[in-house]
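# Coordinate inspection notes
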Amino acid sequence: MARKTEKAEKSDNLQLLKAAIKERNPQRLYFFYGEETYLLQYYLTQLQKLLVDEVTESFNFHRLNSESFDTRSFADAVENLPMMAETTMVWVDDINIFSLPEADRERMIEVFSDIPDYCTVVFTYVTEVWHPDKRFTKLYDAVTRYGTAVEFPKQQLRDLIPWVGRRFAACKKRISSDLCSYLIDITGGMMTALSSEIAKIC
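The rules behind these values
Residues numbered from 1 in each chain as written. Predicted model: local features only at pLDDT ≥ 70, side-chain atom pairs only at ≥ 80, totals over all residues. Heavy atoms only, no water. Buried < 20%, exposed > 50% of the residue type's maximum accessible area, 1.4 Å probe, protein only. Helix = DSSP H or I, 4+ residues; strand = E, 2+ residues; numbered from the N terminus. Arc of directions from axis to C-beta. Contact = heavy atoms within 4.5 Å. Salt bridge = Lys/Arg side-chain N within 4 Å of Asp/Glu carboxyl O. Core = buried A, V, L, I, M, F, W, Y, C linked by side-chain atoms within 4.5 Å. Axes fitted to C-alpha atoms, helices over the stretch in contact; angles between N-to-C directions. Parallel < 35°, antiparallel > 145°, perpendicular 65-115°, else oblique. Left-handed = near helix turned anticlockwise from the far one by under 90°. Nonpolar A, V, L, I, M, F, W, Y, C, P; charged D, E, K, R; others polar. Phe/Tyr/Trp six-rings, centres within 6.5 Å; stacked < 30°, edge-to-face > 60°.

Time to look at helix α6 (residues 137-146). Here α6 has its buried residues at Leu 139, Ala 142 and Val 143. Taken end-on, α6 shows its buried residues confined to a sector of 100°, consistent with a single buried face. Within α6, the exposed residues directed more than 90 degrees away from the buried face are Lys 138 and Arg 145. Of the surrounding elements, those touching the buried residues of α6 are β1 (29-33) and α5 (102-112).

According to the stated counting rule, one finds six salt bridges in the structure shown. Here Lys 138 makes a salt bridge to Glu 106, at a shortest N to O gap of 2.8 Å. Pair noted here: Lys 138 is in helix α6 and Glu 106 is in helix α5, with a separation of 32 residues, a long-range link. Several salt bridges converge on common partners, so that one network encompasses Glu 79, Arg 107 and Glu 110.

Counting 30 residues, the largest nonpolar core has Leu 17, Phe 32, Leu 47, Phe 152 and Val 164 as the members making the most contacts within it. Where this core is concerned, the elements lending two or more residues are α1 (6-22), β1, α2 (37-51), β3 (88-93), α7 (157-170), α8 (177-187) and α9 (191-201). Among the elements that line this core, the one with the most residues is α2, at six residues. Every residue in contact with Val 164, bar those within four places of it in the chain, is listed here: Cys 180, Leu 183, Ile 184, Leu 194 and Ile 198. Judged by nonpolar contacts, the second largest core, of 29 residues, contains Phe 69, Ala 75, Leu 100 and Cys 119.

Attention now moves to the packing of α8 against α9. Where α8 contacts α9, the axes come no closer than 10 Å and their chain directions differ by 125°. The pairing of α8 with α9 is recorded here as oblique in orientation. Here the hand of the crossing between α8 and α9 comes out right-handed. Here α8 contributes Leu 183, Ile 184 and Thr 187 to the contact with α9, which in turn contributes Ala 193, Leu 194, Glu 197, Ile 198 and Ile 201. In terms of residue class, the contact of α8 with α9 is made up of six nonpolar, one polar and one charged.

A few words now on the packing of aromatic side chains. Taken as a whole and judged by the stated rule, the model has 15 aromatic pairs. Their ring planes at 90° and their centres at 5.9 Å tell us that Phe 112 and Phe 123 sit as a pair that is edge-to-face. Here Phe 112 is found in helix α5, whereas its partner Phe 123 is found in strand β4 (residues 119-125), with 11 residues between them in sequence. For the pair shown, Phe 112 and Phe 123 are each scored as buried. An aromatic cluster of at least three residues, connected via ring pairs, comprises Phe 31, Phe 69, Phe 74, Phe 98, Phe 112, Phe 123, Tyr 125 and Trp 130.

Okay, structure coming up:
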């Protein structure tokens, strides 16, 4: 059997994420990246809604960034037991784990290999580039073994046209396919820009 192409594997991972959310059974570790940040934020929000509620969010939702992240804080967040809920979520923004000192990389490997069943961890890369570095063999192996990297690429025209139509329909408006194509063309085809323009038009 022929090995799947890298592009096919990335597409599969996005489909697996969609299925996991639909089945209410997310994996323990994700790495979200890609040009289409609208979709990245959308699926991040879907995971957050699935895993934590507003009442217990302050106990069960942990967000770390370049100012608050260190391996101890990260490990503590992952290990924190759910409070008045069944699940927790840890969201880490734009941390290049491959640039961490060796001791910290080793600690990350330990955490990745033992994320509790009640916790889902999501690393997001918007300003930082997600670039797994194979030179750090043990960390790279841990990332690929325990985690799922999900790319959110710029969407193709055939996918954007029906999406634009649905956005207008949600506002009780109609738009032709030709006008959808025109709107996509003048906005550069990025969903964040499209969403803003659709709101203005409606």
